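Okay, here's what each chain looks like letter by letter:
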Amino acid sequence: MRDVTTAQPLDVQPSPLALLLLGREADPKSERGVECPGDLPSPSDPGLVERARAAKEKLGSKVFVLGHHYQRDEVIQFADVTGDSFKLARDAAARPEAEYIVFCGVHFMAESADILTTDDQKVVLPDLAAGCSMADMATAEQVAECWDVLTEAGVAEVTVPVSYMNSSADIKAFTGKHGGTICTSSNARRALDWAFEQGEKVLFLPDQHLGRNTAVRDMGMSLEDCVVYNPHKPNGGLTAEQLRAAKMILWRGHCSVHGRFSLDSVEDVRARIPGVNVLVHPECRHEVVAAADYVGSTEYIIKTLEAAPAGSKWAIGTELNLVRRLANRFASEGKEIVFLDKTVCFCSTMNRIDLPHLVWALESLAEGNLVNQIQVDRETESFAKLALERMLALP
């Protein structure tokens, strides 16, 4: 038996990623940041709501607060506008008189707002650790290496990159630099139609599920037309022949929330609630989307429930904060709205924007202290904006 009293301690060093997740390091090239200088008010502070109101009132028209649909109710109540990521970035750009844009969302959204707003406006993210696991699944270095693989296979010249809005500014810039466009979950079909007019293949970043669902469900392609590029394998785990045969080269990324819904979830809710309508986001897995009754973006989900008849039953496959808010909103109309999965699942990084962080950010700005500013460098901004403008020009 090993003598535990004399055993030498293991020389184990935590990895950079482990330190990042523990909040002890920062990575400027990652969606996740960790530093939040200054003191936060206590989460149990009973005066938080009044403090937020007072700071926002003091700032007046100098501040414009954006709230993503997936935010907590405690934060959403202070948003001047709510919406999905691109709608909010456009709303910010439409308010040039606001000196401060406080983005209650995640890092890539704040980057997009900075790209689309004026140089005089300052975009603030209340907690720099509010990143996006999907966006983190595609780094600039990995995508550059992927392009080299496509070049060696002889297909780069006929491949058009299409990047989901849920990507870092670096990935948007790569897309713009290589003749591609950005898409949202609501215009992915139009973006792919445009891309196939420019070339023979599409490199879809970073969400494989949105790319696959759009190509197969909406455009009539087959699953065999799609291959998955894994950045953690040599050559993406693909042969040159596979790359030449594919129409859709899907990046191996996914949303940690939407990716958890399964076919079992759909079958279970149908068994539990007879007559239920299953409505899911296109970031869900292909088999989930294929089994659903309705599929669409966050805005589509909201509009579908608004138009739904009283007494109808719905199981929603998207982030839980939004589902709960919709269930409460439409309860008086007799609409039964439940979460598709039995297991509670919030977007953990989106939920980092809580009331203490929002109060800290607003009070700091009211005192003249600019905190947690999100700035995209000029070159990255230039190419990322080019990709975004191509999306805006889509028919």
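The structure under discussion appears in the preceding block.
Residues numbered from 1 in each chain as written. Predicted model: local features only at pLDDT ≥ 70, side-chain atom pairs only at ≥ 80, totals over all residues. Heavy atoms only, no water.

A. Representation of the packing of aromatic side chains within the structure. Using the criterion set out here, one finds 4 aromatic pairs in the structure. Consider the rings of Phe261 and Phe339, whose centres lie 5.5 Å apart with planes at 70 degrees: the pair is edge-to-face. You can see Phe261 sitting in the loop between β9 (248-251) and α12 (263-272) and its partner Phe339 sitting in strand β13 (residues 336-339), a full 78 residues away along the chain. Accessibility classification places Phe261 together with Phe339 in one group, the buried group. Aromatic side chains Tyr294 and Trp314 sit 5.4 Å apart centroid to centroid with 45 degrees between the ring planes, which places their arrangement in the tilted category. In this pair, Tyr294 sits in strand β11 (residues 294-295) while Trp314 sits in strand β12 (residues 313-317), placing the two residues 20 residues apart along the sequence. The exposure class of Trp314 is buried, given its relative accessible area of 5%. (Phe/Tyr/Trp six-rings, centres within 6.5 Å; stacked < 30°, edge-to-face > 60°. Helix = DSSP H or I, 4+ residues; strand = E, 2+ residues; numbered from the N terminus. Buried < 20%, exposed > 50% of the residue type's maximum accessible area, 1.4 Å probe, protein only.)

B. Fine view of the state of the cysteines. Enumeration according to the criterion identifies 0 disulfides in this entry. Cysteine Cys255 remains unbridged, with the sulfur of Cys347 as its closest cysteine sulfur at 6.5 Å. Overall, the relative accessible area of 12% leaves Cys255 in the buried class. (Disulfide = S-S within 2.5 Å.)

C. Representation of the packing of helix α14 (residues 298-307) against helix α15 (residues 320-330) within the structure. Across the interface, α14 lies against α15 with an axial gap of 11 Å and an inter-helix angle of 20 degrees. By the angle class used here, α14 and α15 are roughly parallel. Classified by chirality, the crossing of α15 by α14 is right-handed. Between α14, through Thr298, Ile301, Ile302, Leu305 and Glu306, and α15, the contact on the second element is made entirely by Leu322, Leu326, Arg329 and Phe330. Here the residues of the contact of α14 with α15 are counted per class, giving 6 nonpolar, 1 polar and 2 charged. (Axes fitted to C-alpha atoms, helices over the stretch in contact; angles between N-to-C directions. Parallel < 35°, antiparallel > 145°, perpendicular 65-115°, else oblique. Left-handed = near helix turned anticlockwise from the far one by under 90°. Contact = heavy atoms within 4.5 Å. Nonpolar A, V, L, I, M, F, W, Y, C, P; charged D, E, K, R; others polar.)

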